[in-house]
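Read off the chains here:
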Number of protein chains: 2
Amino acid sequence: MVNYPNNKKISNSNFKSETHVGLSEKGMNLESMINQTNAYYVNNNIAFIYKKPVPITIGKVENKVVYGTKQSIITKAYFNEKSTTDYNGLYNGYYIDFEAKQTRYKTFNLKANLHQHQSNHLKSINEHGGFGFLIISFYTVDKIFLIDFDQILDYVDQHNSNIPLAFFEEHGEELKVSYNPQLDYIKSVDKLIAKRKLGVKNGNK
Amino acid sequence: MVNYPNNKKISNSNFKSETHVGLSEKGMNLESMINQTNAYYVNNNIAFIYKKPVPITIGKVENKVVYGTKQSIITKAYFNEKSTTDYNGLYNGYYIDFEAKQTRYKTFNLKANLHQHQSNHLKSINEHGGFGFLIISFYTVDKIFLIDFDQILDYVDQHNSNIPLAFFEEHGEELKVSYNPQLDYIKSVDKLIAKRKLGVKNGNK
């Protein structure tokens, strides 16, 4: 079930196959919702946030004629490790940088989901006046949270890398799925901005 | 000849072949200088600016065993058009976004060098409180300039798409090649930030 902003509940089947949606499909679903939302923000002059292309090393390019048109086609390329995160951009004068993750568990394991250099990157972003956060979908309970990366680091420092759902319910901003945009996360970014202006780092709601 | 900050002049041959360096090599040279500089900024905790990967659509991935290790190799992929610019990131709380271009002419033609949607993107960045600019290498005269994209647009609005070198000499920030970092452009970004704070849009130096 998906919670709509008007509290009407509709079945997931409106989006994908009714049950047994595979991990990769679920991940794609979160990603496609964010991509649709980012396109909506650009088209409505709200924010300029994009997904970075997959980093690759090109090994071989061939010029082929496809339907009478010359085209360059990559015929050998290798995947590189991501150096940073999937999404970054600009909103209202602020630098925005985040990674989107989905998990079938009721805990989020930081180390299992982010490389150390990605964690370091998000930490640096927050230290330098940007807004680094995660969007995490706990899809078995149909809940999606946006959470300041500083709060993630505070938890991990004080406890361990395995962060329970309850922590997100207390400290994160829950995101609701809608029609257009599909995942209107920028309102939650506004809250992060407001909190930082107030000097509240780990404020309870 | 390359102008070093200490005014010592050395031959280009220290970098590449002595003469007749091809367009693509020269372009690569500007790109590699910027990449080296960005790595320097990250390593020294100054700025977090990265080149975006080449956007592609993956057509086919094969799992191959290379030296006894399973590896995913892309065996078919297509180039996509870039939706934005090559470089973006965070500096001192500010969103940074730019494109690097090199030309053998003594004019810079905006339309020949940037797609309309890239121009629109940089314009939006400046309108939303980010810093959108170009780094342009006029390599036949060994001069590299950083210029606020607003100034580019002002010129094009008042004249035409063909912007003479003299305009960059008057309104741009000249960047000098050095050892490490190779193209220390962030000082010029500081000047853009200072100008904007003063409300100077097209201030003469």
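Higher on the page you've got the structure.
As the structure is a computational prediction, the values presented were derived from the model and not from experiment. Counting of residues starts from 1 at the beginning of each chain's written sequence and follows it residue by residue. As they are written, the chains are lettered A onward and the ligands numbered 1 onward, keeping that order. Where totals are concerned, whole chains, interfaces and linings use all residues; where local detail is concerned, this predicted model gives features only for residues with pLDDT of at least 70, and gives and counts side-chain atom pairs only at 80 or more. Side-chain numbers come from the whole structure's heavy atoms, not from hydrogens or water.

Participant: Teacher, can you tell me more about the relation of the copies chain B and chain A here?
Facilitator: Each of the two copies of the chain can be brought onto the other by a rotation about an axis and a shift along it. Superposition record for chain B on chain A: RMSD 0.0 Å, screw rotation 180°, translation along axis 0.0 Å. Taken together, the turn and the small shift mark the pair as related by a two-fold rotation axis. Comparing interface residues between copies, 100% of those in chain B also sit at the interface in chain A, which points to an isologous, same-surface contact. Alignment of the copies relies on least squares applied to C-alpha atoms, considering only residues that score at least 70 for pLDDT in both. Whether two residues are in contact is decided by their heavy atoms, any of which lying within 4.5 Å being enough.

Participant: In this structure, what is going on with the side chain of Ser124(A)? I would like to understand it.
Facilitator: Following the sequence through the fold, Ser124(A) ends up in helix H3 (residues 116–127). On the basis of relative accessibility, which here comes to 13%, the residue Ser124(A) falls in the buried class. Excluding anything up to four places from it in sequence, Ser124(A) contacts Asn45(B) and Phe48(B). Counting from the N terminus, the helices are DSSP H or I runs at least four residues long and the strands are E runs at least two residues long. For the exposure calls, accessible area comes from a 1.4 Å probe over protein chains only, and a residue counts as buried if that area is under 20% of its type's maximum, exposed if over 50%, partly exposed in between.

Participant: Any chance you could explain the packing of helix H3 (residues 116–127) of chain B against helix H4 (residues 149–158) of chain B here in plain terms?
Facilitator: Residue and element names in this part refer to chain B. The axes used here are C-alpha line fits, helices contributing only the stretch in contact, and every angle between their N-to-C directions lies in the interval 0 to 180 degrees. Between H3 and H4, whose axes approach to 9 Å, the crossing angle comes to 120°. As far as their axial angle goes, H4 and H3 are oblique. Considering only the axes of H3 and H4, their crossing is left-handed. Mapping the contact onto sequence places Ser-119, Leu-122, Lys-123 and Asn-126 in H3 and Phe-149, Asp-150 and Leu-153 in H4. Here the residues of the contact of H3 with H4 are counted per class, giving 3 nonpolar, 2 polar and 2 charged. Just so you know how the angles are binned, under 35 degrees is roughly parallel, over 145 roughly antiparallel, 65 to 115 roughly perpendicular, and the rest oblique. What makes a crossing left-handed is the near helix being turned counterclockwise from the far one by less than a right angle; a clockwise turn instead makes it right-handed. Classes in brief: Ala, Val, Leu, Ile, Met, Phe, Trp, Tyr, Cys and Pro nonpolar; Asp, Glu, Lys and Arg charged; the others, Gly included, polar.

Participant: Could you clarify how one ought to interpret the interface of chain B and chain A in this entry?
Facilitator: It is common to give the size of an interface as the accessible area lost on bringing the parts into contact. The interface of chain B with chain A comprises 33 residues on the first partner and 33 residues on the second. At the boundary of chain B with chain A, total buried surface from both sides reaches about 2800 Å², with 68% on carbon and sulfur atoms. A pairing counts as a salt bridge when a side-chain nitrogen of Lys or Arg comes within 4 Å of a carboxyl oxygen of Asp or Glu. Where chain B meets chain A, there are 0 salt bridges. The term polar contact refers here to a pair of N or O atoms within 3.5 Å; inside protein, the definition further demands a hydrogen-donor-capable atom paired with an acceptor-capable atom, and it admits residues adjacent in sequence only when both atoms are side-chain atoms. Along the contact surface separating chain B from chain A lie 7 residue pairs in polar contact (both at pLDDT 80 or more). At the level of secondary structure, the elements contributing two or more residues to the side of chain B that touches chain A comprise strand E3 (48–51), strand E4 (56–66), strand E5 (69–79), strand E6 (87–91) and H3 of chain B. Of the residues forming the side of chain B that touches chain A, the biggest block, 9 residues, is contributed by E5(B). Once two parts are joined, some of their accessible surface, as seen by a 1.4 Å probe, is lost; buried area is that loss totalled over both.

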